[in-house]
Amino acid sequence: MNRREYNIAVEKHASNLYGYVFSFLRNSEDSQDIVQDVFEKLWKNKKKVEVEKCKAWMFRTGHNTLINFAKRKQRTVYNTDMIPEQINVDNRFETQEIIDLALSLLPPLQKSIVLLRDLEGYTYEEISEILEISDSQVKVYLYRARKKIKKQLGDLTLIQ
């Protein structure tokens, strides 16, 4: 990949990559940092990355960076005195906030698959290439994630 191809790839995939990362993190600054990190890694590896596969490479790198970021964040010690025992959802919550809450409870791989499939519209084959898992694993994880979300949404409506 040369400089021109790199610039085209960044321009072509930047907004989708940012959308995926932002949907995962829900934090603009962290999302920008991760996307910038992916672009930096792509630049450093431009000789190794094939132009035809750069989209999958960028999303895979973004996914791996997200997983590492989430693991680091989980190791952070939080003051749990302020966290309520039970989350009460009232009518002021909008649908998107409820869905975001349900998504946040999924394991990172399942969350990524749901976001890539349902939000970004990628095919099973594209997701399997991005995440380096088989098509059947994508389908199984997606089924399990949707099942968990459905249960979470059911539980949330019971609390109301």
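Everything numeric here is computed off the predicted structure, so don't read it as measured data. Throughout this description, residue numbers start from 1 for each chain and increase along the sequence as written. Given that this is a predicted model, residues contribute local features only at a pLDDT of at least 70 and side-chain atom pairs are listed and counted only at 80 or more, while totals for whole chains, interfaces and linings are drawn from all residues. For the side-chain quantities, the full set of heavy atoms in the structure was used; hydrogens and water were omitted.

### What to know about the packing of helix H5 (residues 108-119) against helix H6 (residues 124-131)
Okay, so step 1: Relative orientation of the contacting elements H5 and H6 amounts to 140°, with a least axis distance of 10 Å. Relative to H6, the element H5 is oriented oblique. Regarding H5 and H6, the two cross each other, and that crossing is right-handed. Contact residues: Leu-109, Ile-113, Leu-116 and Arg-117 in H5; Tyr-124, Ile-127, Ile-130 and Leu-131 in H6.
Okay, so step 2: Counted by class, the contact of H5 with H6 contains 7 nonpolar, no polar and 1 charged residues. Throughout, an axis means a line fitted to C-alpha atoms (over the contacting stretch in the case of helices), and angles, computed between N-to-C directions, take values from 0 to 180 degrees. By the criteria applied, helices consist of DSSP H or I runs no shorter than four residues and strands consist of E runs no shorter than two, each listed in order from the N terminus. For classification purposes, angles smaller than 35 degrees are called roughly parallel, those larger than 145 roughly antiparallel, those between 65 and 115 roughly perpendicular, and all remaining angles oblique. The hand of a helix crossing depends on one turn: near helix anticlockwise from the far one by less than a right angle means left-handed, and clockwise means right-handed. Note on definitions: a residue-residue contact is assigned when non-hydrogen atoms from the two residues lie within 4.5 Å. When residues are grouped by polarity, Ala, Val, Leu, Ile, Met, Phe, Trp, Tyr, Cys and Pro land in nonpolar, Asp, Glu, Lys and Arg in charged, and all others, Gly among them, in polar.

### Thoughts on the nonpolar core
Okay, so step 1: Among the nonpolar cores identified, the biggest contains 37 residues, and Leu-17, Leu-42 and Leu-116 are the most heavily contacted of them.
Okay, so step 2: Those residues in contact with Leu-116 that lie beyond four places of it in its chain are Tyr-20, Phe-59, Gly-121, Tyr-122, Ile-127, Ile-130 and Leu-131. Nonpolar cores were defined as sets of buried Ala, Val, Leu, Ile, Met, Phe, Trp, Tyr and Cys residues, with membership established by side-chain atoms within 4.5 Å. Here the term buried applies to any residue with accessible area under 20% of the maximum for its type, exposed to any over 50%, and partly exposed to those in between, with areas from a 1.4 Å probe on protein chains only.

### Remarks on H6
Okay, so step 1: For H6, the complete set of buried residues consists of Ile-127, Ser-128, Ile-130 and Leu-131. For H6, the arc enclosing every buried residue in end-on projection is 165°, short of the 170-degree limit, so these residues lie on one face.
Okay, so step 2: Where H6 ends, the next residue or the one after it, Glu-132, has phi of about 55°, a positive value. Of all possible arcs, the one meant is that of the directions from the helix axis to the C-beta atoms.

### Digging into the pattern of salt bridges
Okay, so step 1: By definition here, a salt bridge exists when the distance from a side-chain nitrogen of Lys or Arg to a carboxyl oxygen of Asp or Glu is within 4 Å. Scanning the model with the defined rule gives 5 salt bridges in all.
Okay, so step 2: A salt bridge links Arg-60 to Glu-132; the shortest N-O distance between them is 3.2 Å. Of this pair, Arg-60 sits in helix H3 (residues 54-75) while Glu-132 is found in the loop between H6 and helix H7 (135-159), placing the two residues 72 residues apart along the sequence.
Okay, so step 3: With relative accessibility at 17%, the residue Arg-60 sits in the buried group.
Okay, so step 4: Residue class for Glu-132 comes out exposed when judged on its relative accessible area of 56%.

### Looking at the packing of helix H1 (residues 3-25) against helix H2 (residues 28-44)
Okay, so step 1: Orientation of H1 relative to H2, taken along the N-to-C sense of each, is 150°, at an axis distance of 9 Å. What the angle tells us is that H1 and H2 run roughly antiparallel. Considering the relative orientation of H1 and H2, their crossing is right-handed. Listed contacts from H2 to Arg-3, Tyr-6, Val-10, Ala-14, Leu-17, Tyr-18, Val-21, Phe-22 and Leu-25 of H1 are Ser-28, Asp-30, Ser-31, Gln-32, Ile-34, Val-35, Val-38, Phe-39, Leu-42 and Trp-43.

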